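Chain by chain, the residues:
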Amino acid sequence: LPEYSNTQQKIISNFLHLSYNDILVDFGAAMGHLMRAFNDNGYNMYGVDCSHYAVSKCGKYKEKLFCSDSLKILPIASANWVISINTLEHLNINQLLSFFEETRDVGAYLFYLVPISRYDGGKYISLTANKDYSHILRRSEAWWETMTKRYFNKVTIIPADELFGEYKYGHICVKATS
């Protein structure tokens with residue numbers, strides 16, 4: 001398990017004041033590293049990722065990782081939090097809005113981290129984020145806030161480097177609750 005997964009788990013759980021009774025979902029879980037860090041530390045986290053390859057590489061907790069681009073595949077009726085790290089920028093606008101709607105519909109609060117650009121459609125502020133050609137949504141902080149507020153009543157935005165350190169400069173963390 002990569003060390004950064006445990007570090008991210010601690011930062012996220014402390015920031016969100018998570019309870020061990022919460023049901024959590026990692027959207028864009030890839031091979032399940034963050035999901036494993038949460039479950040290893042006593043939390044109940046499921047994962048969803050659209051990559052069959054990534055899901056097939058999940059070791060521990062593979063019964064909690066599902067291959068889909070939808071939360072509807074999960075064997076749970078509701079969740080307390082959906083957490084998505086460096087995933088939403090890979091979606092097109094229709095997929096993003098469906099994701100927001102599904103998250104709200106399962107009754108979950110949302111925490112996500114994305115790279116931002118200074119203006120919509122421009123280059124990302126983070127130089128490393130610009131190197132990933134699978135990023136579709138190159139949007140500003142204001143755009144992310146506006147889109148999130150369409151589905152959630154309370155939206156808080158924090159520069160990601162304040163939580164995760166300078167390697168996340170040019171990213172934002174968004175906490176959305178209803």
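Look a little higher up for the structure.
For clarity, every value in this text was computed on a predicted model and none was experimentally measured.

K.L.:
Explain the overall build of the chain here, please?
P.N.:
Counting its secondary structure elements, the chain contains seven helices and seven strands. Relative to the 2.2 N^0.38 estimate, which gives 16 Å for 178 residues, the radius of gyration of the chain is 15 Å and therefore close to what a compact globule would have. Taken over the C-alpha atoms alone, the chain extends approximately 40 × 30 × 30 Å along its principal axes. Scored against the burial criterion, the 178 residues of the chain give a buried share of 51%. In the chain, the proportion of contacts linking residues at least 24 apart, taken out of those at least 6 apart, comes to 60%. When the accessible surface of the chain is totalled, it reaches about 8800 Å², and 49% of it is carbon and sulfur. Where the 18 positive side-chain charges of the chain centre and where its 18 negative ones centre are 2 Å apart.

K.L.:
When you look at helix 4 (residues 93-105) in this model, what are you seeing that I'm missing?
P.N.:
The α-helix advances 3.6 residues per turn, and as a result positions three or four apart in sequence lie on the same side. Look at helix 4: 18 Å from first C-alpha to last across 13 residues, which is about the 18 Å you get at 1.5 Å a residue. When helix 4 is considered as a whole, its buried residues turn out to be Leu96, Leu97, Phe99, Phe100, Glu102 and Thr103. Next to the buried residues of helix 4 lie strand 1 (23-27), strand 4 (81-85), strand 5 (109-115) and helix 6 (141-149). Capping of helix 4 at its N-terminal end is provided by Asn92; its side-chain oxygen lies 3.0 Å from the backbone amide nitrogen of Asn94. The first or second residue beyond helix 4 is Gly107, which carries a positive phi of 80°.

K.L.:
Whenever I open this one, the pattern of salt bridges confuses me. Can you help?
P.N.:
Proximity of charged atoms lets side chains of opposite charge pair with each other. Inspection of the entire model under this criterion finds four salt bridges. Ionic pairing is found between Asp40 and Arg36, a salt bridge with its closest N-O pair at 3.4 Å. One end of the pair is Asp40 and the other is Arg36, both in helix 2 (residues 33-40) and four residues apart, which spans about a single turn. Relative accessible area serves as the criterion here: at 29%, Arg36 is assigned to the partly exposed category. Two residues, Lys149 and Glu145, come together in a salt bridge whose shortest N-O distance is 3.1 Å. Placement of the pair is Lys149 and Glu145 together in helix 6, with a separation of four residues, close to one helical turn. The partly exposed category is assigned to Lys149, whose relative accessible area is 46%. With a relative accessible area of 26%, Glu145 lands in the partly exposed category. Residues joined by salt bridges that share partners form a network here, namely Arg36, Asp40 and Lys60.

Basis of the calculations
Residues numbered from 1 in each chain as written. Predicted model: local features only at pLDDT ≥ 70, side-chain atom pairs only at ≥ 80, totals over all residues. Heavy atoms only, no water. Helix = DSSP H or I, 4+ residues; strand = E, 2+ residues; numbered from the N terminus. Rg over C-alpha atoms; globule rule 2.2 N^0.38 Å. Buried < 20%, exposed > 50% of the residue type's maximum accessible area, 1.4 Å probe, protein only. Contact = heavy atoms within 4.5 Å. Areas by Shrake-Rupley, 256 points an atom, 1.4 Å probe, with all protein chains shown as cover. Lys, Arg positive; Asp, Glu negative; His and termini not counted. Charge placed at Lys NZ, Arg CZ, Asp CG, Glu CD. Expected span 1.5 Å × (residues − 1). Polar contact = N/O pair within 3.5 Å; in protein donor to acceptor, adjacent residues only side chain to side chain. Salt bridge = Lys/Arg side-chain N within 4 Å of Asp/Glu carboxyl O.

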